[in-house]
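Architecture and fold: a report
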Amino acid sequence: MAQGKIVKVAGSLIVAEGMSSARMFDVVRVSKHRLIGEILELRGDRASIQVYEETSGLGPGEPVESTGAPLSLELGPGLIESIFDGIQRPLVDIREKAGDRITRGIELPSLSREKKWDFVPKAMPGDLVAHGDILGVVQETAVVEHRIMVPKGVEGIVKSIEHGSFSVDQVVAVVEGKDGTAHQLTMMQRWPVRSGRPYQEKLTPQSPMITGQRVIDTLFPIASGGVAAIPGPFGSGKTVVQHQLAKWAQADIIVYVGCGERGNEMTDVLKEFPELHDPQTGETLMKRTVLIANTSDMPVAAREASIYTGITIAEYFRDMGYRVAIMADSTSRWAEALREMSGRLEEMPGEEGYPAYLSSRIAEFYERAGQVICLGKDKRQGAISAIGAVSPPGGDISEPVSQATLRIVKVFWGLSAQLAYRRHFPAIDWLLSYSLYTGNLSDWFTDNVSPEWAKLRQRTLQILQEESELEEIVRLVGMDALGWKDRLTMEVARSIREDYLHQNAFDDIDTYTSLTKQYRMLRLILEYGEKGQMALDAGVNLSDVIELPVRERIGRAKYIPEESLAYFDEIESELAEQTGALINRGGL
Amino acid sequence: MADKLLRLGAVGEEDAILAFKAIGAVTVPATTEDEVTAALHQLSRQGIPVIFITEQAAQVAAEAISRYDQTMDTAIIPIPGIKGTDGFGAKRVRDNVIKAIGADILNQNN
């Protein structure tokens, strides 16, 4: 192992000499505190090392020791329900051992070595297995069956396979390779965070990831295996949207990376998730969640790694054939960590001081998402949907992180400070946002929700667009200048905004809306628009159409529980009745 | 076309609009809101471009009149009724002038 000496310390960056045998991205241990670091640059025998822990008190001359291996994660049973820091240190275990603050140089295994898991073999002795094939399964939580896969580089015939209770470091199977070497396989495997896990084939996403959020599912859907960004100014509700997605998104596994955000936001997640129940499985949301926390007061270098840690864990579950959703809040803080390290490395700064490789790093992260056919004989499919929050300073998305993100992602949920100020949540701006998946997904919606879906969606967007044009006129010459037809359009648009797009994350019923309910709600509002227009044509006064008694029920339709959707038929017939009566009277 | 342009309508109390019959206007007597609304729709549907309405009738059906404010094919013009004017017609003209040029140039007090 290379053993060097510190020659320079600059914040979280350390320069050490005598490191000629080290390799790029090797993990090193720094000083007698054995702080964890990673090699970022090699120049002759000098290595620049980013240290994932506080470096105060370190000085030149202290030893640096390379471990000879890149930063890797432990992947195996025990990941779910855990909370890790940016380099996969188990925060709960650390607290038990060292108290509320992470002490320096603490060494704990990421996955518990004591806990026993019931391993049920799926492969038989004599089977030919290769990388990605499933050896056996472990019921990790009530909802997650952890599939133990053959690690990279192992191919051969299963010599023996156990059945029973084991910890993650005990041998559960022996595979004999072609050259006769016996591979002792445990339930745990290691994977370097910076390289993507392999798959057989990447597919075009064809089905949506249902989120239960009306503005997202209806207007700007994300595909299962898609990538989305949520840029928004401070206070516009990025974190709440991320939490909502983490709670309700139709995914088997959720990886939530809290990256450089406030500590109490992670506390919210920790407090709420064990109490909330997944609508699909009925179990608590924590039973399918992995949390990575690098809050704003934790060392900046580990923040840089946290995103990779998150996506590597996501890939591992994807390889088992699961649909995984990863939320990163926020990628801007991560980019700032990159900038800080880049500055200390004395690299030539690019736009706004960010390193020149900013966009390629962001792309690297998002490109690891997608729907794939996994390695393994059974050709199972898995998907990673990645959703990154971006916090542009001052809400101006012309800054480099937002722009680099927008080039890659296919869904853009632009949050608007104005909407947030008007208390319209989720503050996703319908005029700014877009989803490039709608084309791919329209067939799915037609088959699974309603053939009318695409038409309703189109009409909704059109009405909202018309509203913004009419608002310009109103601002210039006043509401009186609009004809009745336009006044009614404004009313319908208001109804779409307030009764449909506005969704209360803190109301038990309103927090999640199934697609069927979304369809019924939207149809109701648009039908009111059509019937109202017919009434106006028949000579009914505008105020009668606007003050139609049924509108109150339309407005409250969002609070109809999922199990009593028949209620919508009632409102629809009431609407038909009341407009019919108006029209009959309207001709006078 | 020429024939259409010449057509006039009149809505209001019977005594007030009778005189319009003499010049060939289509007259519809109406005093309540429903009657006036129906009369306006009826005349408009017949394609009559100019409808005179007595100020009293206009005031009971203000909403129905506002519908035609923004349409190009029907103009509704309030006229004094048999009891004389109460300033409704003049106020409408003044409001429109204010909206158009931003100053009240018709106010006689100035």
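In this report, we go over the structure that sits alongside the text. As the structure is a computational prediction, the values presented were derived from the model and not from experiment. (Residues numbered from 1 in each chain as written. Chains lettered and ligands numbered in written order. Predicted model: local features only at pLDDT ≥ 70, side-chain atom pairs only at ≥ 80, totals over all residues.)

**Some remarks on the interface of chain A and chain B**
So the rule is basically this: Residue pairs qualify as contacts under a 7 Å threshold applied to their C-beta atoms, which are placed from the backbone. Put simply, Ala, Val, Leu, Ile, Met, Phe, Trp, Tyr, Cys and Pro go in the nonpolar bin, Asp, Glu, Lys and Arg in the charged bin, and everything else, Gly too, in the polar bin.
With 8 residues of chain A at the interface, the matching set in chain B holds 9 residues. Considering only residue class, the side of chain A that touches chain B consists of 4 nonpolar, 4 polar and no charged.

**Quick word on helix H3 (residues 33-45) of chain B**
All names here are of chain B. What counts is decided by this rule: Runs of E in the DSSP output that reach at least two residues are strands. Runs of H or I that reach at least four are helices, and both are numbered from the N terminus. Helices are assigned an expected span. That span is 1.5 Å times one less than the residue count. The burial criterion counts other C-beta atoms lying within 10 Å of a residue's C-beta, which is placed from the backbone; the residue is buried at 20 or more, exposed at 12 or fewer, and partly exposed between these limits.
For H3, spanning 13 residues, the distance from its first C-alpha to its last is 18 Å, which sits close to the expected 18 Å at 1.5 Å a residue. The set of residues buried in H3 consists of Val 36, Thr 37, Ala 38, Ala 39, Leu 40, Leu 43 and Ser 44. Buried residues along H3 sit in contact with strand S1 (8-12), strand S2 (26-29), strand S3 (50-54), helix H4 (55-60) and helix H5 (62-69). Following H3 by one or two positions, Gly 47 adopts a phi angle in the positive range, close to 85°.

**Notes on the packing of helix H7 (residues 358-367) of chain A against helix H8 (residues 400-408) of chain A**
All names here are of chain A. Definition in use: For helices, the fitted line uses only the C-alpha atoms of the stretch in contact; every axis is such a line through C-alpha atoms, and the angle between N-to-C directions lies from 0 to 180 degrees. In this scheme, roughly parallel covers angles under 35 degrees and roughly antiparallel covers those over 145, while 65 to 115 is roughly perpendicular and the rest are oblique. Throughout, a crossing is termed right-handed when the near helix is turned clockwise from the far one, and left-handed when it is turned anticlockwise from it by less than a right angle.
The N-to-C vectors of H7 and H8 enclose an angle of 45°; their axes lie 9 Å apart at closest approach. Considered as vectors, H7 and H8 are oriented oblique to each other. Read as a crossing pair, H7 and H8 show a hand that is right-handed. On H8, the residues that touch Leu 358, Ser 359, Ile 362, Ala 363 and Tyr 366 of H7 are Pro 400, Ala 404, Thr 405, Arg 407 and Ile 408. Partitioned by chemical class, the residues of the contact of H7 with H8 number 7 nonpolar, 2 polar and 1 charged.

**Let's talk about the nonpolar core**
Counted only if it meets this: Each nonpolar core reported here comprises buried Ala, Val, Leu, Ile, Met, Phe, Trp, Tyr and Cys residues connected via C-beta atoms within 7 Å.
If you look at the biggest cluster of nonpolar residues, it comprises 162 residues, and the most contacted ones within it are A:Val255, A:Val324, A:Ala325, A:Ile326 and A:Ile525. Discounting residues that sit within four places of it in the chain, A:Ile525 has contacts with A:Val492, A:Ser495, A:Ile496, A:Asp499, A:Tyr500 and A:Ile554. The next biggest cluster of nonpolar side chains, apart from the first, holds 22 residues, and it includes B:Ala39, B:Ile51, B:Ala58 and B:Ile76.

**Description of unusual backbone geometry**
Residues and elements named next belong to chain A. Here Asp 329 and Ser 330 are connected by a cis peptide whose omega angle stands at 5°. Mapped onto the elements of the fold, Ser 330 is located in the loop between strand S22 (323-329) and helix H6 (331-344). For the bond from Phe 425 to Pro 426, the omega torsion is -5°, close enough to zero to count as cis. Relative to the helices and strands, Pro 426 resides in the loop between helix H9 (417-421) and strand S26 (434-435). The phi dihedral of Arg 423 falls on the positive side, at around 65°, and the residue is not glycine. Mapped onto the secondary structure, Arg 423 falls in the loop between H9 and S26.

**Description of the sheet that holds strand S12 (residues 145-149) of chain A**
Sheet strands pair by backbone hydrogen bonding; their relative direction is either parallel or antiparallel. Residue and element names in this part refer to chain A. Cut-off, in case you're wondering: Strand pairing requires that DSSP identify at least two bridges connecting the strands.
The antiparallel open sheet is built from 4 strands, whose spatial order is S12-S11-S9-S14. Every interior strand has two partners, whereas the edge strands, S12 and strand S14 (164-166), have only one. Neighbour-to-neighbour, the strand axes of this sheet turn through a mean angle of 40°, independent of strand direction. Alignment of strand S9 (residues 117-121) against strand S11 (residues 134-139), held across 3 bridges, turns out to be antiparallel. Across the sheet, Phe 119 pairs through a bridge with Val 138, a residue of S11.

**Section: the environment of A:Arg407**
Mapped onto the elements, A:Arg407 comes out in helix H8. It is 9.9 Å that separates the C-alpha atoms of A:Arg407 and A:Ile362, two residues lying 45 residues apart in sequence.

**Quick notes on the pairing of strand S21 (residues 289-294) of chain A**
Residues and elements named next belong to chain A. Selection criterion: The crossover handedness rule: strands pointing away from the viewer, path from first strand over the helix to second strand clockwise, crossover right-handed.
Taken across its 6 residues, S21 has 6 buried, putting it largely inside the fold. By the alternation rule, side chains of S21 split into Thr 289, Leu 291 and Ala 293 and Val 290, Ile 292 and Asn 294, which are all buried. Pairing analysis gives 2 bridges linking strand S8 (residues 83-84) to S21, with the strands arranged parallel. Bridging from a neighbouring strand, Ile 83 pairs with Leu 291 of S21. Taken together, the 6 bridges between strand S20 (residues 253-259) and S21 define a ladder with parallel strand orientation. Residue pairing across strands places Val 257 opposite Ile 292, the latter belonging to S21. Traced from S20 through helix H4 (residues 263-272) to S21, the parallel crossover comes out right-handed.

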